[in-house]
Amino acid sequence: ETQFTCSAIPAAWNRNMINEPEHPPPPVDQDSPWQTVSSCRLPIFFEENALVGADEYISDPRKKGRAVLMSRRSIRSSSKVHNWAQAVSSAEQAGASAVLVFNDLDVQEPFRMGLFGEKLPSIPAFMVSGKDGAALCA
């Protein structure tokens, strides 16, 4: 089993997620500038050149119960979604448990994703750097 650790910026809507009792949060490290709100292990699903939001994307059963890894570029180039809230919702419709967006554009640093007036997804999402995303894709 390969383990990988990276910094991830939670999406703006993650603060509305309820921590389930079977996944209690780990102890808080008072010296760390980062806060862990919950923790669980999920297998990652990544499909290069996926058309995010397309019917084939949403009906793909390989995403069920997984953390879907998608590039910021794939969201921008999709004709089916217009922002990451819609992209996360399409992964949610496919059965994903969470979404990791990696920033493969611009300076490649992660930042907080917003809703853009879209409906609140019910799964958490995070953004990681382009470097970390490339490592997760490998």
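Computed from a predicted structure; not experimentally measured. (Residues numbered from 1 in each chain as written. Predicted model: local features only at pLDDT ≥ 70, side-chain atom pairs only at ≥ 80, totals over all residues. Heavy atoms only, no water.)

Caption draft 1: Molecular detail of the layout of surface pockets. In this structure, the second largest pocket spans a volume of roughly 230 Å³. Around the second largest pocket sit 18 residues that line it, and F46, E48, N49, S71 and S74 are the ones nearest its centre. Elements supplying a minimum of two residues to the lining of the second largest pocket: β2 (44-46), β3 (67-71) and α2 (72-77). Counting residues per element, the lining of the second largest pocket draws most heavily on β3, at four residues. Of the residues in the lining of the second largest pocket, the class split is nine nonpolar, four polar and five charged. (1 Å grid on protein atoms, 1.4 Å probe; cavity = no way out; pocket = protein on both sides within 12 Å on 5 of 7 lines; lining within 4 Å. Points joined across faces, edges and corners; volume = space filled by probe spheres on them. Helix = DSSP H or I, 4+ residues; strand = E, 2+ residues; numbered from the N terminus. Nonpolar A, V, L, I, M, F, W, Y, C, P; charged D, E, K, R; others polar.)

Caption draft 2: Summary view of the packing of aromatic side chains. Across all of its chains, the model carries three aromatic pairs by this definition. Grouped by ring-pair contacts, the aromatic residues W84, F111 and F116 constitute a single cluster. We note K63 situated over the ring of Y57; from NZ or CZ to the ring centre the distance is 4.0 Å. (Phe/Tyr/Trp six-rings, centres within 6.5 Å; stacked < 30°, edge-to-face > 60°. Lys NZ or Arg CZ within 6 Å of the ring centre and 35° of its normal.)

Caption draft 3: Just the environment of A125, in detail. Its location among the elements puts A125 in strand β5 (residues 125-129). Taking the relative accessible area as the measure of exposure, A125 reaches 0% and is therefore buried. The sequence separation of A125 and S97 amounts to 28 residues, and the corresponding C-alpha distance is 9.3 Å. Beyond its immediate sequence surroundings of up to four residues, A125 is in contact with I9, P10, A11, W13, N14, V88, V99 and M113. (Buried < 20%, exposed > 50% of the residue type's maximum accessible area, 1.4 Å probe, protein only. Contact = heavy atoms within 4.5 Å.)

Caption draft 4: Examining the side chain of N103 more closely. Residue position: N103 is located in strand β4 (residues 98-103). At 3.1 Å, the side chain of N103 forms a polar contact with the backbone nitrogen of L105. A distance of 2.7 Å separates a polar atom in the side chain of N103 from the backbone oxygen of E109. The contacts of N103, once residues within four sequence positions are left out, are R72, Q108, E109, F111, M127, V128, S129 and G130. (Polar contact = N/O pair within 3.5 Å; in protein donor to acceptor, adjacent residues only side chain to side chain.)

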